[in-house]
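What follows is each chain in one-letter form.
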Amino acid sequence: MKRRNFIKNATLSTAGLAVGSTIASCAESNSEEKKTTSTSMASLPLVIATWHVTESTAKAMEVLQAGGNALDAVEQGCMIEEANEKGQSVGKGGLPDRDGNVTLDACIMDKNGNCGAVVYLQNITHAVSVARKVMEDTPHVMLAGEGAKQFAISKGFQPEDLLTDASKAAWEKWKIEAKYKPIINIENHDTIGMLAIDKNGDISGACTTSGLAYKMGGRVGDSPIIGSGLFVDNEIGAAVATGLGEEVVKTVGSFLVVELMRQGKSPQEACEEAISRIVNKPNSDYKNFQVGYIAVNKQGETGSYSIHQWFSMTKFQDGVNEQIQSNYFNKTKE
Ligand code: SD4
């Protein structure tokens, strides 16, 4: 499935062996397509991620199987996609803003509620790792722009040009008309949000992106905003978002999903409710943008849901690393 295939009109935005403990789970999804999203018996460790990123989930699972914790797993899993030049919305090869600058946003959150983020980071491929350094080596949560870059360099990250020939060519083509119609894509490799539970039952998450293609210079989306693009609560579960970041920020989406789980909803129900908050706003323009959520609870149940079709979750559990198509809200023909 190629990235832009999702655009149906001009405005539509947008094997390893599992070992570990087994957790019995009793909550159930109310989704019509229950089989696609939930599990009644969750064995650990497990990893889920937005979109089709089986190489990234495989890396994360490798870390977990080797005894690594969930934080190491999500960081190293996301790094695979950041280094993948073909993924045009993450790290190296990411599509630039309208001025031709590739600017990255990322965040990471651990089991203790610690978090770190970078926004508008340039010339450093592994934004997720810089976010982790912000979390672990500074008294701050977020660093932006030049400050984030200088911090990364001080930590040994090598600056490099992230604009590949393919992304430059796409930008040159875009400039001919230069119309900004945020594209939320369905391609195999995209903004990656990843959640993991390790053998100890501890949860961590990460999210990394080059943001919306041809955005205004300086624009930052939901992905590095704790509570919007990502939220982890080790007592309850975790959620991560993808899609038109402005809409996620307006509803503090990932925090909302986790709080809904705290109130007793399953991950699937919580993702569906968070999407319904967006589409049921007065005058919601949801037909013209995509938002998707994935979530996991402490019992290891998972869920995913989006506004439009073509969103998927990759899940690695019990030796199975698979892409699972998400159920979605807008069933009218697109
Ligand atoms: C953003 N949420 O910058 C990101 C974009 C995205 O798939 O998820 N694209 O708004």
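What counts, and where the lines are drawn
- Residues numbered from 1 in each chain as written.
- Predicted model: local features only at pLDDT ≥ 70, side-chain atom pairs only at ≥ 80, totals over all residues.
- Heavy atoms only, no water.
- Helix = DSSP H or I, 4+ residues; strand = E, 2+ residues; numbered from the N terminus.
- Buried < 20%, exposed > 50% of the residue type's maximum accessible area, 1.4 Å probe, protein only.
- Areas by Shrake-Rupley, 256 points an atom, 1.4 Å probe, with all protein chains shown as cover.
- Pairing = 2+ DSSP bridges.
- Axes fitted to C-alpha atoms, helices over the stretch in contact; angles between N-to-C directions.
- Expected span 1.5 Å × (residues − 1).
- Contact = heavy atoms within 4.5 Å.
- Disulfide = S-S within 2.5 Å.
- Parallel < 35°, antiparallel > 145°, perpendicular 65-115°, else oblique.
- Nonpolar A, V, L, I, M, F, W, Y, C, P; charged D, E, K, R; others polar.
- Salt bridge = Lys/Arg side-chain N within 4 Å of Asp/Glu carboxyl O.

Asks: Honestly, the overall build of the chain in this entry has me stumped. Any pointers?
Replies: Each helix and strand in the chain was counted, giving eight helices and 15 strands. Within the chain, the proportion of its 334 residues that are buried is 59%. Counting only carbon and sulfur atoms, one obtains 50% of the accessible surface of the chain, whose full area is about 13,000 Å².

Asks: Which parts of the structure should I look at to understand the sheet that holds strand S7 (residues 192-197)?
Replies: To summarise the sheet geometry, strands pair through backbone hydrogen bonds and adopt either a parallel or an antiparallel arrangement. If you trace the eight strands from one edge of the open sheet to the other, you get S6-S5-S4-S8-S7-S3-S13-S14, paired in mixed fashion. Strand pairing shows two members of the sheet lacking a second neighbour, strand S6 (142-144) and strand S14 (320-325), which therefore form its edges. Averaged over neighbouring strand pairs, the angle between their axes works out to 10° when direction is ignored. Where strand S3 (residues 46-50) lies against S7, four bridges are found, and the strand directions are antiparallel. Considered in S7, the bridge of isoleucine 48 is made with leucine 195.

Asks: Help me understand helix H8 (residues 267-279) in this model?
Replies: Since the α-helix advances by 3.6 residues per turn, residues separated by three or four positions end up pointing in the same direction. For H8, spanning 13 residues, the distance from its first C-alpha to its last is 19 Å, which sits close to the expected 18 Å at 1.5 Å a residue. Those residues of H8 that fall on the buried side of the exposure criterion are Pro267, Gln268, Ala270, Cys271, Glu272, Ala274, Ile275, Ile278 and Val279. Those residues of H8 that are buried are in contact with helix H6 (245-250), helix H7 (253-262), strand S11 (291-297) and strand S12 (302-306).

Asks: Looking at this structure, I do not really get unusual backbone geometry. What am I missing?
Replies: When glycine is set aside, most residues are seen to have a negative phi, and most peptide bonds are trans. Cis rather than trans, the peptide bond between leucine 44 and proline 45 has omega equal to 0°. Position of proline 45 relative to the elements: it lies in the loop between strand S2 (41-43) and S3. With a phi angle near 50°, tyrosine 120 is a residue other than glycine that sits in the positive phi range. Within the element layout of this structure, tyrosine 120 appears in strand S5 (residues 115-121).

Asks: What's the story with the state of the cysteines in this structure? I'm lost.
Replies: Each disulfide consists of one covalent bond between the sulfur atoms belonging to two cysteines. In total, this model carries zero disulfides according to the counting rule given. Considering cysteine sulfurs only, cysteine 207 is the nearest to cysteine 107, which forms no disulfide, with 5.5 Å between them. Judged by its relative accessible area of 0%, cysteine 107 falls in the buried class.

Asks: What's the story with the packing of helix H3 (residues 127-137) against helix H4 (residues 145-154) in this structure? I'm lost.
Replies: As a packed pair, H3 and H4 sit with axes 10 Å apart at the nearest point and diverge in direction by 85°. Considered as vectors, H3 and H4 are oriented roughly perpendicular to each other. Residue-level contacts link Val130, Lys133 and Val134 of H3 to Ala148, Phe151 and Ala152 of H4. Each residue belonging to the contact of H3 with H4 can be placed in one class, and the counts come to five nonpolar, no polar and one charged.

Asks: I tried to follow the pattern of salt bridges on my own but got confused; where do I start?
Replies: Two side chains with opposite charge may pair up if their charged atoms get near one another. Under the counting rule described, the total for this entry stands at 16 salt bridges. Here glutamate 160 and lysine 92 are joined by a salt bridge, their closest N and O atoms 2.9 Å apart. One end of the pair, glutamate 160, is in the loop between H4 and helix H5 (165-177); the other, lysine 92, is in the loop between helix H2 (70-83) and strand S4 (104-109), and 68 residues separate them in sequence. By relative accessible area, which is 30% here, glutamate 160 ends up partly exposed. For glutamate 273, the salt bridge goes to arginine 277, with nearest N and O atoms at 2.9 Å. Linking glutamate 273 with arginine 277, this pair stays in helix H8, spanning four residues, or about one helical turn. According to the relative accessible area criterion, arginine 277 is partly exposed, its value standing at 39%.

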